Amino acid sequence: ARLHYYGAYGIHQDVREARLWFEQAAEAGEPTAHAYLGHMHLKGTGGLEPNNATALEHFESAARSKNPMGMTGLAAMLLEGVGVDRDVNRAIDLLIKAGNDGKAGNHGEALYNLGLLYQAGEVVEPNQDTADKYFDESTKAGYPFAVYRSAVLLMQKSANHCPRAVKQFKYLAEQGPLKRALVTALEAYEAQYDEVSVFRYLLAAHAGVHVAQYNAAFLYERSLGTPSSTYEDDPEYALELYHWAARQDVSNAMLRVGDLLYEHRRDFRKAAAVYQSSKHAEAKFNLAVMHARGLGVPPNLEMAKRCFEESQRSDEDALVPTAIALFVLKVYDKYKDRFPLLERMYNNFFVYRDQELDTEEIKAGVPPADADRRKPRFVPPSKIPWHDVDLVLIPVLGVLLATVLVVRAKRLQRQTEVTET
């Protein structure tokens, strides 16, 4: 019924059709349906004539079920005395109850109306602090009028508040046709009409919708729905779209920018800089690997440890891989001096030799051909099986457990021999 009422998810707006569905839902006892029917009878929409008495019945029915939308509608009728005797105290009580029921949704309008009442001071004692409190709560609930009011006030304060105002104006702008473009793009993607999906996402992406920018980049990265003539350039388009989304603080987009710089362009220095600026746990993990290997940054095991620890603190899902990585680094630190071969193997086969970083080595007589020979042996970050890491770790942990058991058995045997002696 709401899809027909608002015209969403590819369904054209048809208030008459919505009314029929609401009537069926109301007969089944759905309080939200009663609230919508109350508004329709009050305003005379959906093929109905305005009828205050019927509207009041529907709002009363919804309010008895503590439906915020129904309580707000009933409060409006009580405040104005429409179809019922005016009762300001009951109206305010209903608005407060509706505003406090945040879990049910649709409570932002009640909070906004309370703010207006305390600001005007006609039916209650004027109190701007209380009004501002209700306006702020309504803004947090996403009520459009409250968001717009907040954005205007922020814009009038000072230039320092303009970025917050822009975000709120952007939120409002994305609630109309742009939101419908996202919905139809998702439907096309799920129906495997990738060309339509890309087109719809790009429309919204160029209008500044960060979700559309990320999703369009996702499709371009996989060459889904893109012209075959652009397949070779698709990763570059994806990188640009991810950049747009990353500039709007989308953490996953920042991660993908780093991954594409690492995998597609092989620009390790820029990838390391992007990972450094990201707060994503996987980005910190990738940066730790780069510090350990000297990819785009000089080899630095202490920095690698620090990045692994940051990744571990950022996301509990990173606990196992970071714990293993830190264990390996700890073992290496402990035994590298005792076993020089271990350090040579690390330097020769694990550390990546960037020619620009090896200028001192080249001056000392290392031939360039040797630097060319030591190409990076790396696994791209997106190829690491993050979601199946447990399957990779099971055999590793099995080997470690077997090693521990063997060592423990030998130690117990030696202790027994000493005891017998």
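Scoring rules and cut-offs
Residues numbered from 1 in each chain as written. Predicted model: local features only at pLDDT ≥ 70, side-chain atom pairs only at ≥ 80, totals over all residues. Heavy atoms only, no water. Salt bridge = Lys/Arg side-chain N within 4 Å of Asp/Glu carboxyl O. Helix = DSSP H or I, 4+ residues; strand = E, 2+ residues; numbered from the N terminus. Buried < 20%, exposed > 50% of the residue type's maximum accessible area, 1.4 Å probe, protein only. Phe/Tyr/Trp six-rings, centres within 6.5 Å; stacked < 30°, edge-to-face > 60°. Lys NZ or Arg CZ within 6 Å of the ring centre and 35° of its normal. Contact = heavy atoms within 4.5 Å. Axes fitted to C-alpha atoms, helices over the stretch in contact; angles between N-to-C directions. Left-handed = near helix turned anticlockwise from the far one by under 90°. Nonpolar A, V, L, I, M, F, W, Y, C, P; charged D, E, K, R; others polar. Expected span 1.5 Å × (residues − 1). Arc of directions from axis to C-beta. Lys, Arg positive; Asp, Glu negative; His and termini not counted. Patch = residues over 30% accessible without salt bridge, like charges linked within 9 Å, V, L, I, M, F, W, Y side chains within 5 Å. Areas by Shrake-Rupley, 256 points an atom, 1.4 Å probe, with all protein chains shown as cover.

## Focus: the pattern of salt bridges
Enumeration over the complete set of coordinates arrives at 13 salt bridges. For Asp 93, the salt bridge goes to Lys 97, with nearest N and O atoms at 3.4 Å. Linking Asp 93 with Lys 97, this pair stays in helix 6 (residues 88-100), spanning 4 residues, or about one helical turn. Residue Lys 97 is classed as partly exposed on the basis of its relative accessible area of 48%. Each member of the salt-bridge network shares a partner with another, and the members are Glu 221, Arg 222, Arg 256 and Asp 259.

## Let's talk about the packing of aromatic side chains
Given two aromatic rings, one states the distance between the centres and the angle between the planes to describe the pair. Evaluated as defined, the whole model comprises 11 aromatic pairs. Ring centres of Tyr 112 and Phe 135 lie 5.4 Å apart, and the angle between their planes is 55°; on these two criteria the pair is classed as tilted. Separated by 23 residues along the polypeptide, Tyr 112 in helix 7 (residues 108-120) and Phe 135 in helix 8 (residues 128-140) bring together distant segments of the chain. Side by side, Tyr 112 and Phe 135 carry an identical accessibility label, which is buried. Between Tyr 118 and Tyr 134, the ring centres sit 5.9 Å apart and the planes meet at 25°, which makes this aromatic pair stacked. Taken together, the residues span a long stretch of sequence, with Tyr 118 in helix 7 and Tyr 134 in helix 8 at a distance of 16 residues. Residue classification places Tyr 118 among the buried positions, given a relative accessible area of 18%. Classification of Tyr 134 as buried rests on a relative accessible area of 11%. Of the aromatic side chains, those joined through ring pairs into one cluster are Tyr 112, Phe 135, Tyr 143 and Phe 145. Sitting above the plane of the Tyr 134 ring, Lys 133 keeps its charged end 4.8 Å from the centroid.

## Thoughts on the environment of Gly 208
Mapping Gly 208 onto the fold places it in the loop between helix 12 (194-206) and helix 13 (210-221). Gly 208 gets classed as buried once you look at its relative accessible area, which sits at 18%. In this structure the C-alpha to C-alpha distance between Gly 208 and Trp 244, which are 36 residues apart in sequence, comes to 8.2 Å. Residue contacts for Gly 208: discarding those within four places in its chain leaves Lys 170, Glu 174, Gln 213 and Gln 248.

## Brief notes about the packing of helix 12 against helix 13
For the pair helix 12 and helix 13, interaxial distance at closest approach is 8 Å and the crossing angle is 145°. At the point where helix 12 passes helix 13, the crossing takes the left-handed sense. Residues Ser 197, Val 198, Tyr 201, Leu 202, Ala 204 and Ala 205 of helix 12 form the contact with helix 13, whose participating residues are Ala 212, Gln 213, Asn 215, Ala 216, Leu 219 and Tyr 220. Tallied by class, residues from the contact of helix 12 with helix 13 come to 9 nonpolar, 3 polar and no charged.

## What to know about helix 19 (residues 319-335)
Taking 1.5 Å as the rise per residue, helix 19 with 17 residues should run 24 Å; its terminal C-alpha atoms sit 24 Å apart, in good agreement. Of the positions making up helix 19, those classed as buried are Pro 321, Thr 322, Ala 325, Leu 326, Leu 329 and Tyr 332. Taken around the axis of helix 19, the buried residues stretch over an arc of 130°, which confines them to a single face. Facing away from the buried surface of helix 19 by more than 90 degrees, the exposed residues are Lys 330 and Lys 334.

## Comments concerning the side chain of Asp 234
Mapped onto the elements of the fold, Asp 234 is located in helix 14 (residues 234-246). One buried charge, Asp 234, has no salt-bridge partner; the nearest side chain with opposite charge is Arg 222, at 11 Å. Not counting chain neighbours up to four residues away, the residues in contact with Asp 234 comprise Tyr 220, Ser 223 and Thr 226.

## Focus: helix 12
Its 13 residues give helix 12 an end-to-end C-alpha distance of 18 Å, which sits within 8% of 18 Å, the value for a rise of 1.5 Å per residue. Residues Asp 194, Ser 197, Val 198, Tyr 201, Leu 202, Ala 204 and Ala 205 constitute the buried set of helix 12. Taken end-on, helix 12 shows its buried residues confined to a sector of 165°, consistent with a single buried face. For helix 12, exposure combined with an orientation more than 90 degrees from the buried face picks out Glu 195, Phe 199 and His 206. Contact partners of the buried residues in helix 12: helix 11 (177-190), helix 13 and helix 14. Downstream of helix 12 by one or two residues, Gly 208 has phi in the positive range, about 100°.

## Quick look at a nonpolar patch on the surface
Taken together, the side chains of Phe 327, Val 328, Val 331 and Leu 400 make up a nonpolar region of the molecular surface, amounting to roughly 330 Å² of accessible area. Of the residues forming the nonpolar patch, the biggest block, 3 residues, is contributed by helix 19. Tracing the sequence through the fold places Leu 400 in helix 23 (residues 389-420).

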